[in-house]
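# What the coordinates show
Each chain is listed here by its residues.
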Amino acid sequence: MKEFFGYGGYSREPEGYMSWQHLVFVTSLMIIMVALAVTLGKRYRHSGDKDKNRVLIISAILIDAFEILKIIVIMTRTDDPASAWRGLLPLFLCSIQLITIPLAAFAKGRVKESALDFVFIFGILGAVLGTYAAGQNYAAYPVLSMDNVVSGITHSISGFASLYIVISGMASMKKKNVPILFAILLSFCVMAMVANLTLDYNYMFLMRGDGTPYDLLYNLVGGNAVIYPILVVLLFIIYITAFVFIYNYFANKYGAASKEESTEEKETVTV
């Protein structure tokens, strides 16, 4: 257990990013994530809001509990807590789910709708980027270590919540809530950038790619300190806009087709 939590440092060499151990571990998490989301999403799809919301409440409690556990372990195993806390602020893109999933579970009105949509839009993206694309983690720590296991679990909970929200029918994806989605994102980007400049860190990968796919964008602009973060934020905005547009396009198309089929069935029964 001491070795798993990294007290005294890990004696094992990291298996490496994209090693078979890394891929088997994160694929196992993704399979569990999808299976649970599909099973529970279908089970509660026709249930009341209270029953649907109960799953999100459990997800919110679990994701924050695991994150708190990680923070406690990291702060107690280090000889320099004053320096370690700099990297523990909830200002990564995936960390936003530590706040938006509880908002989706406990808030009401447009705030709840917007939080549900935000989790739906970014949860599955964060699950993939935080597991398969987490080169900074799997190059530094053994696969079966607290750092990677807890990170994998929290990212999987984000992905689970994203899939559960859409399968259970909780996503609204109303265009009028898009400005709120932008506001949530841009607020975190501003806070992340302030923290980066103050603490010399790399929250939301606004400073550099650090072994993630953001490296492609970073190298494309030659590491320009102004253009790179602007493009990263612009990509987030484009992603939200495209996601909402595509979702509503298919929802309207197949939703209309489903209504027509239902009407035809009723008319046939009446005849």
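First, a word on what this report is: a plain description of the structure on this page. Not measured: the values here are computed from a predicted model.

## Let's talk about the overall build of the protein chain
Per the secondary structure count, the protein chain includes 11 helices and zero strands. Of the regular secondary structure in the protein chain, the N- to C-terminal order runs α-α-α-α-α-α-α-α-α-α-α. Computed over the C-alpha atoms, the radius of gyration of the protein chain is 21 Å, within 12% of the 18 Å expected from 2.2 N^0.38 for a compact globule of 271 residues. Looking at the protein chain as a whole, 42% of its 271 residues qualify as buried. Summed over all atoms, the accessible surface of the protein chain reaches about 14,200 Å², with 68% contributed by carbon and sulfur. Put simply, the protein chain has 21 plus and 20 minus side-chain charges, and the middle of one group is 8 Å from the middle of the other.

## Focus on the nonpolar core
Within the largest apolar cluster, 61 residues are counted, with the highest numbers of intra-cluster contacts made by Leu 56, Leu 185, Met 204 and Phe 236. At the level of secondary structure, the elements contributing two or more residues to this core comprise helix H2 (20-44), helix H3 (49-77), helix H5 (97-106), helix H6 (109-129), helix H8 (146-167), helix H9 (178-199), helix H10 (214-220) and helix H11 (227-270). Among the elements that take part in this core, H9 stands out by supplying nine residues, more than any other. In contact with Met 204, not counting residues within four places along its chain, are Leu 91, Phe 92, Leu 93, Ile 96, Leu 185, Phe 188, Cys 189, Ala 192, Val 232 and Phe 236. Among the nonpolar cores identified, the runner-up in size contains eight residues, and Phe 5, Ile 74, Ala 84 and Leu 88 belong to it.

## Digging into the pattern of salt bridges
Within this structure, the stated rule accounts for six salt bridges. Linking Arg 12 and Glu 3 is a salt bridge whose minimum nitrogen-to-oxygen distance equals 2.9 Å. What makes Glu 3 partly exposed here is its relative accessible area of 27%.

## Quick word on the side chain of Thr 154
Here Thr 154 shows up in helix H8. Here the side chain of Thr 154 touches Ser 151 through a polar contact of 3.0 Å, landing on its backbone oxygen. The residues contacting Thr 154, other than those within four sequence positions of it, are Ile 63, Phe 66 and Glu 67.

## Here's the deal with the packing of H5 against H6
Contact geometry for H5 and H6: axes closest at 8 Å, N-to-C directions at 135 degrees. Judged by the angle between their axes, H5 and H6 are oblique. You can see that H5 and H6 cross each other, and the crossing is left-handed. Side by side, H5 and H6 meet where Gln 97, Thr 100, Ile 101, Leu 103, Ala 104, Ala 105 and Phe 106 of the first sit next to Val 111, Lys 112, Ala 115, Leu 116, Phe 118, Val 119, Phe 122 and Gly 123 of the second.

Scoring rules and cut-offs
Residues numbered from 1 in each chain as written. Predicted model: local features only at pLDDT ≥ 70, side-chain atom pairs only at ≥ 80, totals over all residues. Heavy atoms only, no water. Helix = DSSP H or I, 4+ residues; strand = E, 2+ residues; numbered from the N terminus. Rg over C-alpha atoms; globule rule 2.2 N^0.38 Å. Buried < 20%, exposed > 50% of the residue type's maximum accessible area, 1.4 Å probe, protein only. Areas by Shrake-Rupley, 256 points an atom, 1.4 Å probe, with all protein chains shown as cover. Lys, Arg positive; Asp, Glu negative; His and termini not counted. Charge placed at Lys NZ, Arg CZ, Asp CG, Glu CD. Core = buried A, V, L, I, M, F, W, Y, C linked by side-chain atoms within 4.5 Å. Contact = heavy atoms within 4.5 Å. Salt bridge = Lys/Arg side-chain N within 4 Å of Asp/Glu carboxyl O. Polar contact = N/O pair within 3.5 Å; in protein donor to acceptor, adjacent residues only side chain to side chain. Axes fitted to C-alpha atoms, helices over the stretch in contact; angles between N-to-C directions. Parallel < 35°, antiparallel > 145°, perpendicular 65-115°, else oblique. Left-handed = near helix turned anticlockwise from the far one by under 90°.

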